[in-house]
Amino acid sequence: MSVIVDPGSGVAGDNGATPVALSTSRDPSTWAPNEHINKRSSIPFILLHFLPLLAFVTGVTWTAVWLAVGLYFLRMLAITGGYHRYFSHRSYRLKRVPQFLLAFIGTTAAQKGPLWWAAHHRAHHKYADTERDIHSPIRGFWWSHVGWILCDKYNKTDSDAIKDFTKYPELVWLDKHDWVGTWTAGVLCFLIGGWSGLVIGFFLSTIVLWHATFTVNSLAHVFGRRAYDTPDTSRNSLLVALITSGEGWHNNHHRYPWAARQGFRWYQIDVTYYVLRLFGLLGVVRDIRPVPATVRDEARPQR
Ligand SMILES: [Zn+2]
Ligand SMILES: [Zn+2]
């Protein structure tokens, strides 16, 4: 666990892949082979979005509301601080037990397993906004937001891209059986909050969490300021940073993906980083990788 793995240069265009101009509609010429949304397997995913309407039957209790809010922030942190900044970028170090716990909490977010998530994210950095980027908005906004997830081609974990973690059998098991975490969260919500706890505390919270996470792939490559002249389309967005506990400083992140912080300046709110620092003080999180001052100061002056 002492080696920090380079998840790709973080800079597109140097991997033999060609940058493509941003468009808002999906241009078939940019499609890779077999890249089609599986309509049949997408139906359950779409239907899930209507489940919170059952609240008209179950009612909405305060317990359910607090469950929804608490689970949103807890699971967002597990995705941003865990799946993203730890498993994808190894921007700090953890011992084996907290590593597994973080991965397990991540699976409660129903965003598949940590190895699947991180391997795909490493590919995103390696080929950002080129024709080999799995979820670039150059292929259309909705494709980058959710379409690619519904495509069979990207169902499997690319083990070669995440070899540094496949050596842990408990993580490989969790990645294969990610439903265990998701179902545990759902059952706990039902036991704590009854049907309202399940419908609002679990399902509504999970659906909002999905789309908030997806905005980093879609909105954060379309709207916002570009502080750094990266070859991709990444942008900095306060709005996305607020709903994702700090992942909206995406242009910063593409400039220097190895850092644990994405808000490079004190005024760039990055809740995930604050929590990592807190766990650093407790001795759980170690070797938090900083942003070199020279990189930070490359930013263009704000107008
Ligand atoms: Zn990106
Ligand atoms: Zn990243």
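This write-up is about the structure you can find in this document. Since this is a predicted model, take the numbers as computed values, not measurements. (Residues numbered from 1 in each chain as written. Chains lettered and ligands numbered in written order. Predicted model: local features only at pLDDT ≥ 70, side-chain atom pairs only at ≥ 80, totals over all residues.)

## Describing the overall build of the protein
Threshold: Numbering of helices and strands runs from the N terminus; a helix is a DSSP stretch of H or I covering at least four residues, while a strand is a stretch of E covering at least two. Counting other C-beta atoms within 10 Å of its own, a residue is labelled buried from 20 upward, exposed at 12 or fewer, and partly exposed in the gap between, with every C-beta atom placed from the backbone. The contact rule is simple: place each C-beta atom from the backbone, and if two of them lie within 7 Å, those residues are in contact.
Helix and strand counts for the protein stand at 13 helices and 0 strands. When the elements of the protein are put in sequence order from the N terminus, they spell out α-α-α-α-α-α-α-α-α-α-α-α-α. For the protein, buried positions account for 45% of its 303 residues. Of all intrachain contacts in the protein linking residues separated by at least 6 positions in sequence, the fraction that spans at least 24 positions is 72%.

## Thoughts on the nonpolar core
Note the cut-off: For our purposes the nonpolar core covers buried Ala, Val, Leu, Ile, Met, Phe, Trp, Tyr and Cys residues that link as a set through C-beta atoms within 7 Å.
In this structure, Ala68, Phe87, Leu102, Leu115 and Ala118 are the most contacted members of the largest nonpolar core, which totals 42 residues. At the level of secondary structure, the elements contributing two or more residues to this core comprise helix H3 (62–88), helix H4 (96–107), helix H5 (114–126), helix H8 (169–176), helix H9 (179–214) and helix H12 (271–281). Per-element tally for this core: the top contributor is H3, with 11 residues. In this structure Ala118 touches Tyr83, Phe87, Ser88 and Ile162, once residues within four positions along its chain are discounted. By size, the runner-up hydrophobic cluster in this structure holds 8 residues, among which are Leu219, Ala241, Ile243 and Phe264.

## So, the packing of H3 against H9
To be explicit about the condition: To get an axis, a line is fitted to the C-alpha atoms, and for a helix only the part in contact is used. The angle between two axes follows their N-to-C directions and goes from 0 to 180 degrees. In what follows, roughly perpendicular refers to angles from 65 to 115 degrees, roughly parallel to angles under 35, roughly antiparallel to angles over 145, and oblique to any angle outside these ranges. Crossing handedness is read from the near helix: turned anticlockwise from the far helix by less than a right angle, it gives a left-handed crossing, and turned clockwise, a right-handed one. Residues are sorted three ways: Asp, Glu, Lys and Arg are charged, Ala, Val, Leu, Ile, Met, Phe, Trp, Tyr, Cys and Pro are nonpolar, and all the rest, Gly among them, are polar.
Two elements in contact, H3 and H9, have axes separated by 8 Å at closest approach and are oriented at 45 degrees. Taken together, the axes of H3 and H9 are oblique relative to one another. The element H3 and its partner H9 pack so that their crossing is right-handed. Classifying every residue of the contact of H3 with H9 gives 16 nonpolar, 7 polar and 1 charged.

## Concerning the packing of H3 against H4
Look at H3 against H4: their axes get within 8 Å of each other, and the N-to-C directions meet at 125 degrees. Taken as axis vectors, H3 and H4 run oblique relative to one another. Note on packing geometry: the crossing formed by H3 with H4 is left-handed. Between H3 and H4, the contacting residues are Leu74, Arg75, Ala78, Ile79, Gly82, Tyr83 and Tyr86 on the first element and Leu102, Ala103, Ile105 and Gly106 on the second. Across the contact of H3 with H4, the residue classes tally to 8 nonpolar, 2 polar and 1 charged.

## Some words on H5
Which entries qualify depends on this criterion: The span you would expect from a helix comes to 1.5 Å times its residue count less one.
Taking 1.5 Å per residue, 13 residues should reach 18 Å; H5 reaches 18 Å between its end C-alpha atoms and fits that length. In terms of residue burial, H5 counts as a mostly covered element, since 12 of its 13 residues are buried. Among the residues of H5, those classed as buried are Pro114, Leu115, Trp116, Trp117, Ala118, Ala119, His120, His121, Arg122, His124, His125 and Lys126. Among the structural elements, H3, H4, helix H7 (163–166) and H8 are those in contact with the buried residues of H5.

## Focus: the environment of Asp229
Within the secondary structure, Asp229 sits in the loop between H9 and helix H10 (238–243). A tally of 10 C-beta atoms within 10 Å means that Asp229 is categorised as exposed. As a C-alpha pair, Asp229 and His254 span 25 residues in sequence and 10.0 Å in three-dimensional space.

## Section: H12
The line we're drawing: Picture the helix axis, draw a direction to every C-beta atom, and the arc is the one those directions span.
Within H12, burial applies to Thr272, Tyr273 and Leu276. For H12, the arc enclosing every buried residue in end-on projection is 95 degrees, short of the 170-degree limit, so these residues lie on one face. Structural note: H12 exposes Leu278 and Leu281 on the side pointing more than 90 degrees away from its buried face. Packed against the buried residues of H12 are H3.

## Focus: the environment of Ser237
Its location among the elements puts Ser237 in the loop between H9 and H10. Taking C-alpha positions, Ser237 is 8.5 Å from Leu219, a pair spaced 18 residues apart along the chain. Residue contacts for Ser237: discarding those within four places in its chain leaves Leu219, Ala220, Phe223, Gly224 and Gly248.

## Re unusual backbone geometry
As a rule of thumb, non-glycine residues mostly have phi less than zero, and peptide bonds are mostly trans rather than cis. The residue Lys112 is not glycine, and still its phi comes out positive at about 65 degrees. Structurally, Lys112 is set in the loop between H4 and H5. One non-glycine residue with positive phi stands out, namely Asp129, at about 60 degrees. Assignment of secondary structure puts Asp129 in the loop between H5 and helix H6 (141–145).

By themselves, these observations are geometric and do not establish any function.
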